[in-house]
Amino acid sequence: MRRVTIFGSTGSIGESTVDLVSRAGDVQVVALTGGRNVTRLAEQARALNAELAVTAHDDCYDALKSALAGSGIGVAAGPHALAEAAVRPADWVMSAIVGAAGLVPGFRALEQGATLALANKESLVTAGPLLLAEAKRHGATILPVDSEHSAVFQALAGENIDTVERVIITASGGPFRSWDAEKLKHATPAQAVAHPNWDMGQRISIDSASLFNKALELIETREFFGIEPERIEVLVHPQSIVHALVGFIDGGILAHIGPADMRHAIGYALNWPERRALPVERLDLAKIATLEFQAPDDRRFPALRLAREVMAIGGLAGAAFNAAKEVALDAFIAHALSFPAMAEVVEETLARLSRDRGLTLAPDSLVNVLEMDHLARRRAEEVIRERQ
Ligand code: NDP
């Protein structure tokens, strides 16, 4: 029996993971964690007969406790409880909390040498070198769950990384791919969330529309595979069928093709190093017929340019970038910032931080990362206040 824990089980990735885990016969669920959706968390915990259910919020404890009354399932709440759940012995841990909040639980899970299936890209963006070093120290394995990174990982199986010339990750271009700059000024959160191909959580859907999601993924590719930024390309591919391509020194390119269903990448990580049958659509390429590719437009969508600047700075710039992006995203969702202003706020925050504190500092520990996260949030809030 494999012992499995799912962080963020009530979210989009979490639900897909719960679906696959409930179909697997050989799994014992150790812990499930969620945020405010305690009703769903309790349903999942009962259905999977989990040992423990944890909500991230102390004020949700009573609701979760009563929803699980009589079940014998343990109940806990708060960030400390999340970190404690991470060190409960498990063989496989899904990291699918959204945002920088996913960083500490993922880190703690590595301490017990578990295989960490990493959907939470923010962990690599904010603390990539620390996370990889922690995995190495404890003999733990990190597997990518982002569809592009899973695709690269699969294309690299059996290959020598030194023969890789370039890595291309694709972006659907989101719902605003063909919108002009003027129209983008009036884009609403509801419009931004309506992703054409993927059914994802609210925050990543909006990040996809602004290409901030792809910006995070650029940094994630650099951190996870150790490939220089100049050799990582982004290609807009509206059909979202080709998830990534790896070009080798002999001119050959391996492309990973699959349906827009995260259960493929999650299932690959769950079954790795084996492949097992998964309940995803089988593509009919004749029916799809056309695959399009375009260069991204950095002028309308500056997030990719900013990510390249962040990679050039190094150190704590990734943590600052992500934190500023999260604050700007919250403000956009609250209708306090226009869609294009999100990138302006992130750029201005990075500029201020580089003036009053060295972003280039290589973090010694998570404490440095969390301090920069905190500082960047305050600066971004300041920038937003000044614009109002
Ligand atoms: P969702 O918003 O759908 O779900 C987020 C999960 O995290 C929920 O379980 C939520 O709980 C929980 N949560 C929210 N805030 C906190 C917090 N402060 N502390 C602890 N738990 C919290 O996100 P997604 O599933 O879309 O994304 C999860 C991660 O996976 C992100 O990092 C995203 O970038 C990445 N990813 C997602 C993909 C997708 O297709 N969705 C694809 C590739 C990567 P509750 O809902 O109960 O409040």
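Our subject is the structure that appears above.
A few points on the structure.

Scoring rules and cut-offs
- Residues numbered from 1 in each chain as written.
- Predicted model: local features only at pLDDT ≥ 70, side-chain atom pairs only at ≥ 80, totals over all residues.
- Heavy atoms only, no water.
- Pairing = 2+ DSSP bridges.
- Helix = DSSP H or I, 4+ residues; strand = E, 2+ residues; numbered from the N terminus.
- Axes fitted to C-alpha atoms, helices over the stretch in contact; angles between N-to-C directions.
- Contact = heavy atoms within 4.5 Å.
- 1 Å grid on protein atoms, 1.4 Å probe; cavity = no way out; pocket = protein on both sides within 12 Å on 5 of 7 lines; lining within 4 Å.
- Points joined across faces, edges and corners; volume = space filled by probe spheres on them.
- Nonpolar A, V, L, I, M, F, W, Y, C, P; charged D, E, K, R; others polar.
- Core = buried A, V, L, I, M, F, W, Y, C linked by side-chain atoms within 4.5 Å.
- Buried < 20%, exposed > 50% of the residue type's maximum accessible area, 1.4 Å probe, protein only.
- Near = heavy atom within 4 Å.
- Polar contact = N/O pair within 3.5 Å; in protein donor to acceptor, adjacent residues only side chain to side chain.

### So, the sheet that holds strand β10 (residues 242-248)
Taken in spatial order, the 4 strands of this open sheet run β9-β8-β10-β11, and their pairing is mixed. Of all the strands in the sheet, just β9 (232-236) and β11 (253-257) have a single pairing partner and so form its edges. On average, each strand axis in the sheet is tilted by 20 degrees relative to the strand beside it, whichever way the strands run. In this sheet, β9 lies alongside strand β8 (residues 164-171) in parallel orientation, the contact comprising 5 bridges. For Thr-170, the partnering residue across the bridge sits in β9 and is Leu-235. Across the sheet, helix α7 (residues 147-156) lies against β8, β10 and β11, angled at about 40 degrees from β10, the strand it touches most. Where helix α11 (residues 212-225) meets the sheet, it contacts β8 and β9, and its direction lies at approximately 155 degrees from that of β8.

### Side note on empty space enclosed by the protein
Summed over all chains, the structure comprises 1 cavity of 30 Å³ or more. If you add up the space inside the largest cavity, you get close to 60 Å³. Lining of the largest cavity is provided by Ser-147, Ser-150, Gln-154, Trp-198, His-243, His-256, Pro-259, Asp-261, Met-262, His-264 and Ala-265. Take the lining of the largest cavity: its biggest share by element is 3 residues, from α7. By residue class, the composition of the lining of the largest cavity is 4 nonpolar, 6 polar and 1 charged.

### Brief notes about the nonpolar core
Membership of the largest hydrophobic core comes to 94 residues, with the highest contact counts inside it found for Phe-176, Phe-321, Phe-339 and Met-342. For this core, the leading source of residues is helix α15 (residues 317-333), giving 11 residues. Of all hydrophobic cores here, the second largest spans 36 residues; its members include Cys-60, Val-75, Leu-278 and Val-280.

### Things to note about the site of the ligand
Lining the immediate environment of the ligand, one finds 25 residues, of which Thr-10, Gly-35, Arg-36, Glu-122 and Asp-146 sit closest. Within the contact set of the ligand, an oxygen atom lies 2.7 Å away from a side-chain nitrogen or oxygen of Thr-10. Of all the secondary-structure elements, those providing two or more residues to the shell around the ligand are α1 (12-23) and α6 (121-138). Within the shell around the ligand, the residues separate by chemical class into 11 nonpolar, 10 polar and 4 charged.

No statement about biological role is implied by the geometric values presented.
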